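Examining the three-dimensional arrangement
The chain contents come next:
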Amino acid sequence: MIDLSLSEEVRAAQADNKPLVALESTIITHGMPWPQNVEVARKVEADVRAAGAVPATIAVLEGTLHIGLESGQLLRLGQARGVAKLSRADLAACLATGGTGSTTVAATMIAARHAGIEVFATGGIGGVHKGAETTFDISADLQELAQTPVTVVAAGAKAILDIPKTLEVLETLGVPVIAYHQDAFPAFWSASSPHRAPLRMNAPEPIARAHRLRGALGLPGGQLVANPIPEADEIPAEELAPVIARAQAAADRQGISGKALTPFLLSAIFEATEGRSLTANIALVRNNARLAARIAAALKNLDA
Ligand code: PSU
Ligand code: MN
């Protein structure tokens, strides 16, 4: 029923029972400007390979769900304009109508699970937006973490979000939030935030065991591994706070809402920091890819 296409590399990995790491594509089409978007996507794939796993970048191309993109497909997606941003609500509709779309965290989790991939690396998950008490803007990524059994490695939640509210919703939904190697919940461009993460782990193995144990307990949903950006690459939160506030004020003035809000804020912050936010974003995604590969390998070791 689903028009599914596995890249050659993913097919071989599945045949050989190698660890796989899913990668999203909204970060390519809506999160970063051309041509860095494609360069970064290729580097992230290489990072996964260097850390001993196989990358599977996920997207919908003309009605086909791709698990792993061939090099030319990635290039075309990164250059394309007007690509849909797919979440849980629109993934099936895009497949049904032969459309092309990139997958957010939520849609990538759904596709990864469908392909039997248990670990996924991204930059930062979507969450509760500032002002959500009036706009109701809460990312579908949070619900997805509560339902779909994929461990997601992210640098916390983007600092454009309301982090305490995001943590509250994750707690309500029963999503384990595991800070990696520190107590604080990381804030995307900054390694730390004033908020303590509910859980902390210091190695890939316990993260893999907790993933398996949730399955054994019959618990639906995944885990959020909050992996701080390497300190050398971070932008201090104090420095970024006014930039974020100005970007948010511009979004409010221009009436930006829904799916357009996160891409708008990311690009406004990119302009205001003269590209420094992008450099940090690249460093954190690559760092997450490496940790995700180690978790995927640890899961394979558990099953051996
Ligand atoms: N991580 C990044 N850049 C991004 C995203 C994540 O470094 O652009 C994307 C993810 O696809 C995530 C989406 O699911 O932002 C959140 O969008 P929204 O707030 O509309 O749910
Ligand atoms: Mn939203």
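The rules we used
Residues numbered from 1 in each chain as written. Chains lettered and ligands numbered in written order. Predicted model: local features only at pLDDT ≥ 70, side-chain atom pairs only at ≥ 80, totals over all residues. Near = placed C-beta within 6 Å. Helix = DSSP H or I, 4+ residues; strand = E, 2+ residues; numbered from the N terminus. Nonpolar A, V, L, I, M, F, W, Y, C, P; charged D, E, K, R; others polar. Core = buried A, V, L, I, M, F, W, Y, C linked by C-beta atoms within 7 Å. Buried ≥ 20, exposed ≤ 12 C-beta atoms within 10 Å, placed from the backbone. Contact = placed C-beta atoms within 7 Å. UniProt positions renumbered as here; feature names shortened; annotations may be inferred. Axes fitted to C-alpha atoms, helices over the stretch in contact; angles between N-to-C directions. Parallel < 35°, antiparallel > 145°, perpendicular 65-115°, else oblique. Left-handed = near helix turned anticlockwise from the far one by under 90°. pLDDT = per-residue confidence, 0-100. Expected span 1.5 Å × (residues − 1). Arc of directions from axis to C-beta.

Quick word on the site of ligand 1
- Every one of the 19 residues lining ligand 1 counts as a neighbour, but Gly 31, Thr 104, Gly 123, Gly 126 and Ser 139 are closest to it.
- Every element with two or more residues in the shell around ligand 1 is listed here: α2 (26-31), α8 (140-147), α12 (261-272) and α13 (276-303).
- Element by element, the count of residues in the shell around ligand 1 is highest for α2, at 4 residues.
- Of the residues that constitute the shell around ligand 1, the class distribution is 5 nonpolar, 11 polar and 3 charged.

A closer look at the nonpolar core
- Grouped together as the largest cluster of nonpolar side chains are 99 residues, with contacts concentrated most on Val 21, Val 152, Leu 224 and Ala 292.
- If sequence neighbours within four positions are ignored, Ala 292 has contacts with Val 21, Val 119, Phe 120, Ala 121 and Val 153.

So, unusual backbone geometry
- Here Trp 34 and Pro 35 are connected by a cis peptide whose omega angle stands at 5°.
- Tracing the backbone through its elements, the reader meets Pro 35 in the loop between α2 and α3 (36-50).
- Backbone geometry places His 181, a non-glycine residue, at a positive phi of 65°.
- With respect to the helices, strands and loops of the structure, His 181 is situated in the loop between β9 (177-180) and β10 (199-201).
- On the basis of neighbour count, His 181 is assigned to the exposed category, with 11 C-beta atoms found within 10 Å.
- Despite not being glycine, Phe 188 has its phi angle at roughly 60°, a positive value.
- Structurally, the position occupied by Phe 188 is in the loop between β9 and β10.

Re the UniProt feature "active site" (unreviewed entry) in the protein
- Mapped onto this structure's residue numbering, the UniProt feature "active site" (unreviewed entry) falls at Glu 24 and Lys 158.
- Its place among the elements puts Glu 24 in the loop between β2 (20-23) and α2.
- Contact partners of Glu 24, with chain neighbours within four places excluded, come to Ile 58, Thr 103, Thr 104, Val 105, Thr 108 and Thr 122.
- Along the chain, Lys 158 turns up in the loop between β8 (151-154) and α9 (163-172).
- Lys 158 sits in the buried class, given 26 other C-beta atoms within 10 Å.
- The residues touching Lys 158, leaving out its near neighbours within four places in the chain, are Gly 124 and Phe 188.

A word on the UniProt feature "binding site: substrate" (unreviewed entry) in the protein
- Within this numbering scheme, the UniProt entry marks Lys 85, Val 105, Ser 139, Ala 140 and Asp 141 as carrying the feature "binding site: substrate" (unreviewed entry). The named residues occupy 57 residues along the chain; their greatest pairwise C-alpha distance, 12.9 Å, places them in one compact cluster.
- Looking at where Val 105 falls in the secondary structure, it is placed in helix α6 (residues 105-114).
- Overall, the presence of 27 C-beta atoms within 10 Å leaves Val 105 in the buried class.

Considering the packing of helix α11 (residues 237-254) against α12
- In contact at an axis separation of 9 Å, α11 and α12 are set at 130° when each is read in the N-to-C sense. Taken together, α11 and α12 sit at an angle that is classed as oblique. Pair α11 / α12 crosses with right-handed handedness. Counting all contacts with α11, which are made through Val 243, Ile 244, Arg 246, Ala 247, Gln 248, Ala 250 and Ala 251, the residues of α12 involved are Leu 261, Phe 264, Leu 265, Ala 268, Ile 269 and Ala 272.

A short note on the confidence of the model for the protein
- Averaged over every residue, the pLDDT of the protein is 97; the share at 70 or more is 100%.
- Across the whole predicted complex the pTM is 0.98, and at the interface the ipTM reaches 0.96.

Some points on helix α10 (residues 204-216)
- The first and last C-alpha atoms of α10 sit 19 Å apart over 13 residues, in line with the 18 Å expected at 1.5 Å per residue.
- Among the residues of α10, those classed as buried are Pro 204, Ile 207, Ala 208 and His 211. Down the axis of α10, the smallest arc covering the buried residues is 100°, so these residues share one side. Structural note: α10 exposes Leu 213 and Ala 216 on the side pointing more than 90 degrees away from its buried face.
- Summarising the contacts, the buried residues of α10 are in contact with β8, β9, β10, β11 (223-226) and α13.
- Where α10 ends, the next residue or the one after it, Gly 218, has phi of about 75°, a positive value.

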